[in-house]
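# Summary of the model geometry
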Amino acid sequence: MKLSSARRLLLALALTTAAAAPALAADWSKLRIGVEGAYPPFSEVGPDGKLKGFDIDIAYALCTQMKAQCTLVQQDFDGMIPALQARKFDAIIASMSITPERQQSVNFSDKYYSTPARLVAKSGSKLQTTPEGLKGRKIGVQRSTIHDRYATDMFKGAEIVRYTKQDEVFLDLAAGRIDATLVDSVAADVGFLKTPAGKGFGFVGPTYTDVKYFGIGAGVAIRKSDTDLQAKFNEALKAIRANGTYKKIEAKYFDFDVYGDALSK
Amino acid sequence: MLHGYGASLLEGLAVTLGVALASLAVACALGLAGAAAKLSRRPLLAGAAGVYTTLIRGVPDLVLMLLVFYGGQVFVNHLAQGFGSDGYVDIDPFIAGVLTIGFIFGAYLTETFRGAFLAVSAGQREAGLAFGMSRWQVLRRITAPQMLRHALPSLSNNWLVLVKSTAIVSLIGLNDMMQKAQQAAGTTREPFVFYAAAALLYLLITSVSELGFGWLDRRSARHLVRPRS
Amino acid sequence: MNFDAIAQNLPLYAAGALTTLKLLVIALAAGLVAAVPLAVLRSRPQRLAHGPVWLFTYAVRGTPLLVQLFLIYYGLAQFAVVRESVFWPWLSSPWFCACLAFAINTCAYTTEIVAGAIRNTPHGEIEAARALGLSAAQVMRRIVLPSAARRAIPSYGNEVILMLHGTSLASVVTLLDLTGVARDVNSRFYIPFEAFITAGALYLAITLALVGLFHAAERRWLAHLAPRR
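Residues numbered from 1 in each chain as written. Chains lettered and ligands numbered in written order. Predicted model: local features only at pLDDT ≥ 70, side-chain atom pairs only at ≥ 80, totals over all residues.

Below, the discussion takes up the nonpolar core. In this structure, Ala91 of chain A, Val63, Met65 and Ala198 of chain B together with Leu69 and Ala98 of chain C are the most contacted members of the largest nonpolar core, which totals 188 residues. A total of 15 residues in this core trace back to one element, the largest contributor, which is helix α7 (residues 94-119) of chain C. There are two domains that each give this core at least three residues, and those are domain 1 (26-115 + 215-253) and domain 2 (117-208) of chain A. When near neighbours in sequence (up to four residues on either side) are disregarded, Ala198 of chain B contacts Leu9, Met177, Met178 and Ala181 of chain B together with Val67 of chain C. (Core = buried A, V, L, I, M, F, W, Y, C linked by C-beta atoms within 7 Å. Buried ≥ 20, exposed ≤ 12 C-beta atoms within 10 Å, placed from the backbone. Helix = DSSP H or I, 4+ residues; strand = E, 2+ residues; numbered from the N terminus. Domains from an automatic or database assignment. Contact = placed C-beta atoms within 7 Å.)

All names here are of chain A. Pairing of strand β9 (residues 138-142) with strand β10 (residues 159-163) involves 5 bridges; the strand directions are parallel. From the neighbouring strand, Val141 faces β10, where its bridge partner is Arg162. With helix α6 (residues 146-154) bridging β9 and the parallel β10, this β-α-β connection has right-handed handedness. (Pairing = 2+ DSSP bridges. Right-handed = clockwise from strand over helix to strand, strands pointing away.)

Turning our attention to the interface of chain B and chain C. Accessible area lost upon the coming together of the parts serves often as the stated size of an interface. Contact residues are listed per partner, giving 30 residues for chain B and 30 residues for chain C. Listed by contribution, the elements that provide at least two residues to the side of chain B that touches chain C are α2 (43-58), α3 (61-82), α7 (177-188) and α8 (191-220) of chain B. The element best represented in the side of chain B that touches chain C is α8 of chain B, accounting for 10 residues. Partitioned by chemical class, the residues of the side of chain B that touches chain C number 22 nonpolar, 4 polar and 4 charged. (Nonpolar A, V, L, I, M, F, W, Y, C, P; charged D, E, K, R; others polar.)

So, about the confidence of the model for chain B. When the pLDDT values of chain B are averaged, the result is 84; 94% of them are 70 or greater. Mean pLDDT in chain B bottoms out at α3 of chain B, which sits at 77, and peaks at helix α1 (residues 6-39) of chain B, which reaches 91. (pLDDT = per-residue confidence, 0-100.)

Take the sheet that holds β10 of chain A next. All names here are of chain A. Spatially, 5 strands are ordered β10-β9-β11-β8-β12 in an open sheet, and the strand pairing comes out mixed. With one partner strand each, in any of the chains shown, β10 and β12 (201-208) form the two edges of the open sheet. Across this sheet, the average inter-strand angle for adjacent strands is 30 degrees, counted without regard to direction. Bridge count for strand β8 (residues 117-122) against strand β11 (residues 180-184) is 5 bridges, and the pairing is antiparallel. Residue pairing in the sheet places Ala117 in a bridge with Asp184 of β11. Relative to β9, α6 is tilted by about 150 degrees, and along the sheet it contacts β8, β9, β10, β11 and β12. In the packing of helix α7 (residues 166-175) onto the sheet, the strands contacted are β8, β9, β10 and β11, and the crossing angle to β9 comes to about 155 degrees. (Axes fitted to C-alpha atoms, helices over the stretch in contact; angles between N-to-C directions.)

Paired through their backbone hydrogen bonds, the strands of a sheet run either parallel or antiparallel. All names here are of chain A. Strand order in this open sheet of 3 strands is β2-β3-β4, and the pairing throughout is antiparallel. At either end of the open sheet lies a strand with only one pairing partner, and these are β2 (38-39) and β4 (51-52). Sheet topology note: the β2/strand β3 (residues 43-45) ladder contains 2 bridges and is antiparallel. Along β3, the bridge assignment pairs Ala38 with Glu44.

Residue and element names in this part refer to chain A. Mapped onto the elements of the fold, Thr209 is located in the loop between β12 and α9 (211-214). What makes Thr209 exposed here is the crowd of 11 C-beta atoms within 10 Å. The spacing of Thr209 and Ala117 is 92 residues in sequence and 7.6 Å in space, taken between C-alpha atoms.

See the structure below:
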């Protein structure tokens with residue numbers, strides 16, 4: 001049939017749109033996973049441009065267990081949940097804590113690790129987290145994290161400075177632009193305190209455990225409608241915990257138990 | 001000196017150039033369409049083109065890019081669902097970046113092409129029509145080649161601004177040169193080195209572009225007598 | 001579309017708009033003040049005078065504002081000698097760094113605009129001034145610069161709008177300008193469309209106000225060049 005050029009264009013567009021939509025619905029044999037790539041040792045990008053880290057290895061292990069072909073999609077942390085909702089990927093494995101606030105928007109698998117949050121500041125700093133102690137101080141956090149939420153609500157009196165990446169927080173902490181940062185203790189240890197830039201800095205104050213803010217651990221975030229995928233992830237998680245894959249990956253990065261019963265990001 | 005991240009920076013350079021060239025293509029297409037709309041005798045078309053150019057020039061690139069990247073995905077999904085498909089068409093950072101930058105510079109190029117079109121003397125068009133050429137033939141053989149010559153200075157300016165705008169695409173996560181520099185800076189804790197390297201690479205692109213456009217300019221005006229400057 | 005969260009956060013948006021305007025005014029003022037003497041130097045025929053200025057404008061106009069901002073904010077902080085210097089209280093502040101980067105950027109572009117306007121001074125005006133016995137400095141101060149200022153108004157108006165767009169990058173170094181507020185709102189409530197459209201609308205309003213201002217300036221100071229009514 002002879003279509004006008006305008007109609008032909010519309011038809012082409014419609015066909016392309018239909019063709020481009022992958023038939024993922026019930027299958028889950030191909031998965032896209034959102035990861036961050038800027039949160040050592042959990043995820044980072046090496047000089048060769050490849051993603052590496054605990055989160056990355058867990059993601060691949062889970063996919064192997066689920067017999068799914070996975071593509072990792074890098075995304076800034078503050079855009080993770082919107083991107084998941086917008087279907088840029090099907091799951092988030094980015095050290096995202098299971099919190100009541102987030103559970104309003106997404107579902108989570110069971111936790112895959114749990115480490116506490118602490119303040120990092122210059123060693124010997126007498127930073128008090130009372131309103132008087134915080135007056136005029138600057139606390140840096142990564143935007144949209146549980147640390148952001150906690151600091152905003154609880155550290156009244158301090159100026160909360162928000163960054164897109166935790167790397168940037170550490171850069172400014174080392175430069176003295178902020179007085180402290182509230183961050184996951186393991187990420188701080190490996191990503192900052194053990195590096196040359198972190199000399200002279202240390203943990204200050206208590207470990208933070210308020211479940212309302214810090215949740216019960218990091219989990220895989222999934223859209224609320226994909227309950228079957230959530231079940232698959234939980235099965236796979238149990239399996240890799242049981243068959244030793246988890247322990248192997250854990251040993252690669254940590255010399256302590258990171259599955260723990262404390263809290264994470 | 002670059003701690004092994006040099007190759008990664010060059011990969012980023014390739015991505016940056018890719019985004020810039022793809023955006024230029026989109027922008028030229030939109031610019032020509034926009035110029036045609038603005039020059040047309042239908043007030044609706046001219047009005048729509050006017051709204052387009054005003055909106056784009058009134059909102060910063062970063063805001064538009066964030067809107068397209070975060071909001072655009074939702075919009076496209078709704079659209080796809082309307083067509084009855086699964087409800088997902090990927091808008092990765094490359095596409096979001098190219099569409100946004102192309103869209104933005106389409107507005108600027110609308111003005112460029114409109115001005116260039118008006119600069120071709122009407123007599124040329126009249127003569128073509130008098131010879132019995134169809135309107136399309138006049139456009140293709142007479143107006144368009146001359147229009148390109150007039151458009152060159154403004155086109156080259158816009159190209160330079162476009163190349164620099166691609167740096168903003170790094171802020172929505174595209175693995176271009178800026179993003180690579182950021183990753184390297186974050187890991188090595190030596191931001192100055194990597195941002196300076198990125199700056200030099202951008203300077204290289206702009207310098208080569210200026211030389212290229214200079215050559216094009218001289219070539220396209222070979223037939224003219226230029227005053228000795 | 002859920003604009004309730006936006007309505008609740010309107011004061012935040014207003015504060016962001018105010019920050020944007022403050023950044024704009026400071027950057028433009030500093031840039032303009034520095035640009036005038038630089039432009040005078042740039043328009044001189046001697047290599048020693050225009051050479052260094054050319055290098056400055058070439059480097060700054062050839063690289064993206066984002067890179068310049070990162071170099072100043074993150075790059076300089078890398079060096080212990082900077083952190084221990086007397087400048088550190090200034091350079092550690094994101095406000096100062098952003099204003100510095102924006103001011104340097106607009107200075108380069110404004111220098112070229114004003115230098116171009118100086119070069120385009122009708123030679124008759126200069127001849128007349130010399131014939132009247134004015135010294136070279138007087139010619140520059142009383143005749144050329146005021147005349148160049150008028151000629152530069154349209155291009156400078158463009159530059160002001162571009163700088164307004166540039167200030168959106170302040171959000172990348174933790175400042176809560178209009179774009180920064182929109183990003184925070186998006187990250188809190190997950191409403192990308194609403195958050196960024198509101199920011200876009202506010203930017204558009206500011207742009208239209210500025211464009212109106214410059215049109216009024218053109219009508220007043222370039223009245224002699226307007227088409228006769």
